[in-house]
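# Coordinates in review
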Amino acid sequence: MKQLKPITNKLLWIFALGQFGWSLLSGVVSNWMVYYYTGSPDAQNPNTGIFASGITQNPIIFKLTLFGLVLAAGRIFDAITDPLVAGWSDRCTNKKGRRIPFLRAMAIPFALCTIGLFVLPQTGNIVVNDLVLFILLLVFYLFMTMFCTPYNALIAELGDTQQHRINVSTYISFTFIVGQSISFLLPNLAGALTSLAGQKGGIRLAVAIMAAIACISMLIPAFYIKERDYIDSKPSETKPFKSLAETFSNGQFRRFVYSDVIYFFALTLFQTGLAFYETKLMEIEDTWTFLLTATMTFISVLLYPVVNILAKKIGKKSLIIFGFFSYCCVFAITSFCGKGLHWGFIIAVTAAIPMAILGILPQACVADVAELTRLETGEDRSGMFFAARTFAFKLGQALALVTFTSVTVAETKQSYRTTAVVAFICCFIGACIFFAYNEKMILSKIKELKGSDEF
């Protein structure tokens, strides 16, 4: 039997670079597509809706906009492909491993498609633009799934002990929020490039620069990590949708997912509306978005060691519930915030706490459940557990995108406040549901089956 190399924190940090890459691409699309493709410009923020004239804007049915439906369709398609890609990855027999080959193949197409979303749907024909945007979004989410699903499976496989699972979740949470934060720098970078490429060209060039940085970050772990040197995995024999059904038959996993999908619905409403809350409610320039996000990220990162230590001492469940209620406070503040930059800083500081908690610990919970299932059944289906989670929460995200674009079609302050109120209610419900998750039972069974204090 081949002697495996020990998993080190250095390896886990290199692995976490991939999370920075894909979160940067995801952030560019999720944080700025709605902003640049909908809304109306004003003297303070002339780039709002700068690409809106190229696509259909009027509601088509029940106040549902075409753009909102296209975004939702992309997320639903993304959710459906998750279990298919997870099953493909779990059953992969490639000599380089079950996950790494996907990472190597998808990084470049994923980055190129991100650029295309801001470049290609700008012909002189609105119907053609609508169709191109729809197809590109489907392809974008497909490439993201084919990179992220195998990548997420490695969280459980590289997290061979409880400490490693919490550590890797901490590291990827850090690189995730850094990637998301850098994506908020897009208007600033675009503004610096305006004199070189024009108003629209500056935005597209800024997207291309960020996509290139993201691509390199995804390729580094893909080619540095030799999967077979660290993981002794055997291809699963269970077919994708049977594996998905078996995954959702796990009671503890279902309890986790129920709260998770509601939480992501609330969080997506908030993230999609963040640029609008700042420019329409607080009436500040969109170039402040990066500083506010950087402030939130900096404080959140300072809390990472605390979350890491507390999770090992008091458990993940209590902290996650606290994180849910903390986000409720953030959404409540957003719903009544007024004009002024100080509101942005209040929200940024308040949001840093739940961002630190919920950025780290949910992935570790999924890894715990996947590890217990592997020990009980002898079959490693880590890819499917993470895919099942993303399958569920992406449905929540899809619903949130439709909800946001429909509720805010009037572009009034009250409509934006309404989205924050809905986020508050949903996050509160998600917190209540998570009380049913039994973390102590899961960890005690893992310890029992491994027969070791180091689990």
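Below, the structure is looked at part by part. (Residues numbered from 1 in each chain as written. Predicted model: local features only at pLDDT ≥ 70, side-chain atom pairs only at ≥ 80, totals over all residues. Heavy atoms only, no water.)

## A look at the side chain of Thr 175
The test is simple: Secondary structure elements follow DSSP: runs of H or I no shorter than four residues count as helices, runs of E no shorter than two count as strands, and numbering proceeds from the N terminus. When accessible area is computed with a 1.4 Å probe and restricted to protein chains, residues below 20% of their type maximum are described as buried, those above 50% as exposed, and intermediate ones as partly exposed. Whenever a nitrogen or oxygen atom comes within 3.5 Å of another N or O atom, the pair is scored as a polar contact, on the condition that within protein one atom can donate a hydrogen and the other can accept it, and that pairs from neighbouring residues in sequence are kept only if both atoms are in side chains. The contact definition used throughout considers only heavy atoms, calling two residues in contact when any of these lie within 4.5 Å.
Relative to the helices and strands, Thr 175 resides in helix H5 (residues 162–183). Overall, Thr 175 belongs to the buried group, its relative accessible area being 7%. Only 2.8 Å separates the side chain of Thr 175 from the backbone oxygen of Ala 16, close enough to count as a polar contact. Once residues lying within four places of it in the same chain are set aside, the contact partners of Thr 175 are Trp 13, Ala 16, Gln 19, Phe 20 and Ser 23.

## Focus: the environment of Leu 193
Looking at the element boundaries, Leu 193 is found in helix H6 (residues 186–224). On a C-alpha basis, the gap between Leu 193 and Leu 205 in space is 7.5 Å, while along the polypeptide they are twelve residues apart. When neighbours within four sequence positions are excluded, Leu 193 is seen to be in contact with Gly 198, Gly 202, Leu 205, Ala 206 and Ile 209.

## Quick look at the nonpolar core
Note the cut-off: Nonpolar cores are built from buried Ala, Val, Leu, Ile, Met, Phe, Trp, Tyr and Cys residues. Side-chain atoms within 4.5 Å join them into one set.
Among the nonpolar cores identified, the biggest contains 141 residues, and Phe 15, Met 33, Tyr 36, Phe 110, Leu 117, Phe 147 and Tyr 327 are the most heavily contacted of them. Those residues within four positions of Leu 117 in sequence are excluded, and the remaining contacts are Val 29, Met 33, Tyr 37, Leu 133, Leu 136, Leu 137 and Phe 140.

## What to know about the packing of helix H9 (residues 251–281) against helix H14 (residues 413–434)
Our working rule: Convention adopted: a line fitted to C-alpha atoms gives each axis, helices being fitted over their contacting stretch, and angles between N-to-C directions are expressed from 0 to 180 degrees. Put simply, angles under 35 degrees are roughly parallel, angles over 145 are roughly antiparallel, angles from 65 to 115 are roughly perpendicular, and the rest are oblique. Should the near helix be turned counterclockwise from the far one by less than a right angle, the crossing is left-handed, whereas a clockwise turn marks it as right-handed. Lys, Arg, Asp and Glu make up the charged group, whereas Ala, Val, Leu, Ile, Met, Phe, Trp, Tyr, Cys and Pro make up the nonpolar group; the residues left over, Gly among them, are polar.
Interhelical geometry of H9 versus H14 gives an angle of 155 degrees and a closest axis separation of 8 Å. Taken together, the axes of H9 and H14 are roughly antiparallel relative to one another. The way H9 lies across H14 gives a crossing that is left-handed. Split into classes, the residues belonging to the contact of H9 with H14 amount to 19 nonpolar, three polar and four charged.

## Describing helix H8 (residues 240–248)
To keep it simple, the criterion reads: Throughout, the arc means the angular range of directions from the helix axis out to the C-beta atoms.
Residues of H8 that are buried include every one of Pro 240, Ser 243, Leu 244 and Thr 247, and no others. Looking down the long axis of H8, one finds its buried residues gathered within 100 degrees of arc, a one-sided arrangement. Against the buried residues of H8 lie helix H2 (66–90), H9 and helix H13 (382–407).

## Topic: a nonpolar patch on the surface
To keep it simple, the criterion reads: To count toward a patch, a residue needs a relative accessible area over 30% and no salt bridge; like charges are then connected within 9 Å, while nonpolar side chains (Val, Leu, Ile, Met, Phe, Trp, Tyr) are connected within 5 Å. Where accessible areas are quoted, they stem from the Shrake-Rupley method and a 1.4 Å probe; at the residue level, only the protein chains shown are allowed to cover. What counts as a salt bridge is simple: a side-chain nitrogen of Lys or Arg found within 4 Å of a carboxyl oxygen of Asp or Glu.
Together, Ile 76, Ile 80, Leu 84, Phe 241 and Leu 395 line one region of the surface with nonpolar side chains, adding up to about 420 Å² of accessible area. Sort the elements by how many residues they give to the nonpolar patch and H2 lands first, with three residues. Among the structural elements, Leu 395 can be located in helix H13. On the basis of relative accessible area, Leu 395 is assigned to the partly exposed category, the value being 37%.

## What about the packing of helix H12 (residues 341–377) against helix H15 (residues 439–450)?
Across the interface, H12 lies against H15 with an axial gap of 10 Å and an inter-helix angle of 40 degrees. As the angle between them shows, H12 and H15 are arranged oblique. Between H12 and H15 the crossing geometry is left-handed. Mapping the contact onto sequence places Asp 368, Val 369, Glu 371, Leu 372, Arg 374, Leu 375 and Glu 376 in H12 and Ile 442, Leu 443, Lys 445, Ile 446, Leu 449 and Lys 450 in H15. The class makeup of the residues in the contact of H12 with H15 is seven nonpolar, no polar and six charged.

## Section: the pattern of salt bridges
Applying the stated rule across the entire model yields eleven salt bridges. As a salt-bridge pair, Asp 368 and Arg 165 come within 2.9 Å of each other at their nearest N and O atoms. Taken as a pair, Asp 368 in helix H12 and Arg 165 in helix H5 lie far apart in primary sequence, 203 residues in all. Given the relative accessible area of 1%, Arg 165 is considered buried.

## So, the packing of aromatic side chains
Two descriptors summarise a pair of aromatic rings, namely the distance from one centre to the other and the angle between the planes of the rings. Spelled out, the test is: When the centres of two rings from Phe, Tyr and Trp lie within 6.5 Å, Trp using its six-membered ring, the rings pair. Their planes under 30 degrees apart give stacked, over 60 give edge-to-face, and anything left gives tilted.
What the rule picks out here adds up to 36 aromatic pairs. Relative to Phe 331, the ring of Tyr 327 has its centre 5.5 Å away and its plane inclined at 10 degrees; by these criteria the two rings are stacked. With a gap of four residues between them, Tyr 327 and Phe 331 both fall in helix H11 (residues 316–336), about one helical turn apart. On the basis of relative accessible area, Tyr 327 is assigned to the buried category, the value being 5%. Every member of this aromatic cluster is reached through a ring pair, and the members are Trp 32, Tyr 35, Tyr 36, Tyr 37, Phe 51, Phe 118, Phe 184, Phe 276, Phe 404 and Tyr 416.

No statement about biological role is implied by the geometric values presented.
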